[in-house]
Amino acid sequence: MASVKGSKVIAPARSVSAGGTDGFLYVGPYVHSIGLNDLQVIEEGVIAVTNGKICAVDSKDNLNRVAEKFGISEQNFHFLDNGEFLIPGFVDTHIHAPQYPNAGLGYDKPLLGWLDHYTFPMEAKYSDEQFAETIYNAVVKRTLSYGTTTACYFATIHVATAIVLADIVLKHGQRAFVGKVNMNVNHPSYYGESSENSLKDTETFVNAILSKKNDLIKPIITPRFAISCDMELMKKLSDIAKKHDVHIQTHISENRDEVKYVAELFPECKSYADVYDSAGLLTDKTILAHGVYLTDDEIKTIVKRSSSVSHCPTSNSCLRSGICHVRKLLQNGVQVGLGTDISGGYSPSIIEVMKAALAVSIDLSFEKDKSNQQTCALELKEVFYLATLGGARALRLDNKIGNFEIGKEFDALVVSLRGEPGGVDVLTPLNTLELLQKFVYLGDDRNVKKVYVSGKIVKQI
Ligand SMILES: [Zn+2]
C-alpha cells in the first residue's frame, strides 16, 4: 500500500477514459520486425499498454508525456535492467500437440514409416480424456515457457479431446488455432474415421470452439494430408471452412515418397498443390506445412490463392525429408512462418527452430541452382521476422500481433541475459542487437523471463 500511496498518479481524471486502470508501460530496449529485411532495434524506448493493446510506442524522453496521456501510474512503470530487452511473442505455425510425448524419439524412419510406427499409435491414445489432459497441459505450458504466444495446433481425430486442448490453451492464456484432424482413408485400422463421422465431428468441433466466443482461440480445419483424406472429404471440409470463414491447415510436399504416393492417388491432378486446389482447400487462410518439394508451378498456385507455408527445418532434418528453399518461397511472394512440427521436430522451442532455419539455409546456399547461381542464406534478422511478424502474416493475424505497432495486442517476451538462471555468459558490453544474437544462438526458456499474451502475464520467472 505504501508504494501505491507514494507513487504519483499522473492525470487520474483521464485514466479511465483513455484506457482503463490496467495500463502499464515498459521502459528500455526493444527489438521487432517491420518487414522481412527491416529489423528495428530501439535502445531506449517506451511501450505503453492499455486493455491488453499497445497504445503508445515512443522514446524514453517522452515517458512522462505517454504516461500522462494514457493515465498510467508510476507503479505500473517497468524499467528493464541491463541485459534485458523486449521482443514480440513467437508464433509457432505448425505443431502437433498430441505428439509431444514422442519429441526426440524415433528418428530412425522417414515420414511414412515414422507415422505408422510412432505417430499413429501415439495419436490413437487421445480417445482417453485424462491422458489428453495431462499431455496437453504439458505442451501448452512448455511452449509458453519458450515464448510461443501463438500456436497453430493439430490435435487428433478425437473431437472430445480436441476440445480439451482448446480449453487448456484458454486456461493457460495462450493464443491458438486448434484443429481436429481428419483421416478417412489409408489409415491404420485402429486410428481412422468414416467420412460421415469426420464431417459430423468437424462441425461439432468448429461450433464448440466458436461458441466459446474467445478471441484467443480459433478452430482450424485440419485434413491431415492428401494421403489420408479422399477428394470428396476434402471438398466437404473446404465447404465447412467457407461456411464458418475459418482457417485451414495441412501438410504438403514434405517427403519424396509422400509426393509420389499423392501423385498415384490423384492421377487426375497436375501436382500435390493441385490436389488441394481442386478440393478448394487453398485459401488466403490456409497454412501448408513443409513445402520442401514444391515446383515452380505449385508455388505460383499457392501465391495465386494467397496461402502460406510453415517452414519446419528441425522436422525436415530429423525425418530426413529434405531442405525447404525458403528464400525462393519468399522471393515469389509466399508468406512464410516457422513451425516446430512436434514431434517430427524434436524441440517445442521456436528459438531452436530459428537456429535450424539459419543452419539449413546456409547448407543450401553452398549448392547451385539450375542457372548455376548460389542463393543467399537467410540472415538472423530474416529468421527473427519468420518467428514473429512472418508467422503472424502467414496466419493472417498481423493486424493483431507480430510486432509492436500501436493498436496491436501486447504479445511480448521480456528476454533476460543477466546470468543465472540462464545459461548465457555475457562477458563484454553488448548492444541490444548483439544480445538478440546471443539469445537466438545460446538462449532458451531460462532467458524468457516474462511472457505476455494480450497484456496478461502468462509466464514469469
Ligand atoms: Zn506436421
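Conventions used here
- Residues numbered from 1 in each chain as written.
- Predicted model: local features only at pLDDT ≥ 70, side-chain atom pairs only at ≥ 80, totals over all residues.
- Heavy atoms only, no water.
- Donors = N, O, S within 2.8 Å, 3.2 Å for Na, K, Ca; no water.
- Tetrahedral: all angles 85-135°; square planar, octahedral: opposite > 155°, others 65-115°.
- Helix = DSSP H or I, 4+ residues; strand = E, 2+ residues; numbered from the N terminus.
- Buried < 20%, exposed > 50% of the residue type's maximum accessible area, 1.4 Å probe, protein only.
- Salt bridge = Lys/Arg side-chain N within 4 Å of Asp/Glu carboxyl O.
- Axes fitted to C-alpha atoms, helices over the stretch in contact; angles between N-to-C directions.
- Parallel < 35°, antiparallel > 145°, perpendicular 65-115°, else oblique.
- Contact = heavy atoms within 4.5 Å.
- Nonpolar A, V, L, I, M, F, W, Y, C, P; charged D, E, K, R; others polar.
- Domains from an automatic or database assignment.
- Buried area = accessible area lost by both parts, 1.4 Å probe.
- Polar contact = N/O pair within 3.5 Å; in protein donor to acceptor, adjacent residues only side chain to side chain.

Draft legend 1. Representation of the coordination of the zinc ion. All of the protein donors around the zinc ion are His 94 (NE2), His 96 (NE2), His 251 (NE2) and Asp 341 (OD); their distances to the metal are 2.0 to 2.3 Å. Here the zinc ion is ringed by 4 donor atoms whose angles at the metal span 88 to 172 degrees, and the overall shape comes out irregular. Considered as a linear motif, the donors of the zinc ion on their single chain read H-x1-H-x154-H-x89-D. Here His 94 is found in strand 6 (residues 90-96), whereas its partner Asp 341 is found in the loop between strand 14 (335-338) and helix 14 (350-365), with 247 residues between them in sequence. Considered together, His 94 and Asp 341 belong to a single accessibility category, that of buried residues.

Draft legend 2. Here's a closer look at the pattern of salt bridges. Under the counting rule described, the total for this entry stands at 20 salt bridges. Linking Glu 409 and Arg 175 is a salt bridge whose minimum nitrogen-to-oxygen distance equals 3.7 Å. Linking Glu 409 in the loop between helix 15 (380-394) and strand 15 (412-416) with Arg 175 in strand 8 (residues 175-179), this pair joins segments that are 234 residues apart in sequence. The pair formed by Glu 409 and Arg 175 is uniform in burial state, with each residue classed as buried. The partner of Asp 277 in a salt bridge is Arg 305, with the nearest N and O atoms 2.6 Å apart.

Draft legend 3. Region of the structure containing the packing of helix 14 against helix 16 (residues 432-442). Orientation of helix 14 relative to helix 16, taken along the N-to-C sense of each, is 95 degrees, at an axis distance of 8 Å. If you check the angle between helix 14 and helix 16, you find them roughly perpendicular. Seen from helix 14, the contacting residues are Ile 351, Met 354, Lys 355 and Leu 358; seen from helix 16, they are Phe 439, Val 440 and Tyr 441. Among the residues making up the contact of helix 14 with helix 16, the classes are represented as 6 nonpolar, no polar and 1 charged.

Draft legend 4. Region of interest: the domain arrangement of the protein chain. Splitting the protein chain by domain gives domain 1 (2-88 + 403-460) and domain 2 (90-394). Put simply, the middle of domain 1 and the middle of domain 2, counted by C-alpha atoms, are 31 Å apart. Facing the 31 residues of domain 1 at the interface are 27 residues of domain 2. Note on domain 1 versus domain 2: buried area summed over both sides is about 2,400 Å², and carbon and sulfur give 68% of it. Linking domain 1 to domain 2 there are 3 salt bridges. The interface formed by domain 1 and domain 2 holds 4 residue pairs in polar contact (both at pLDDT 80 or more) in total.

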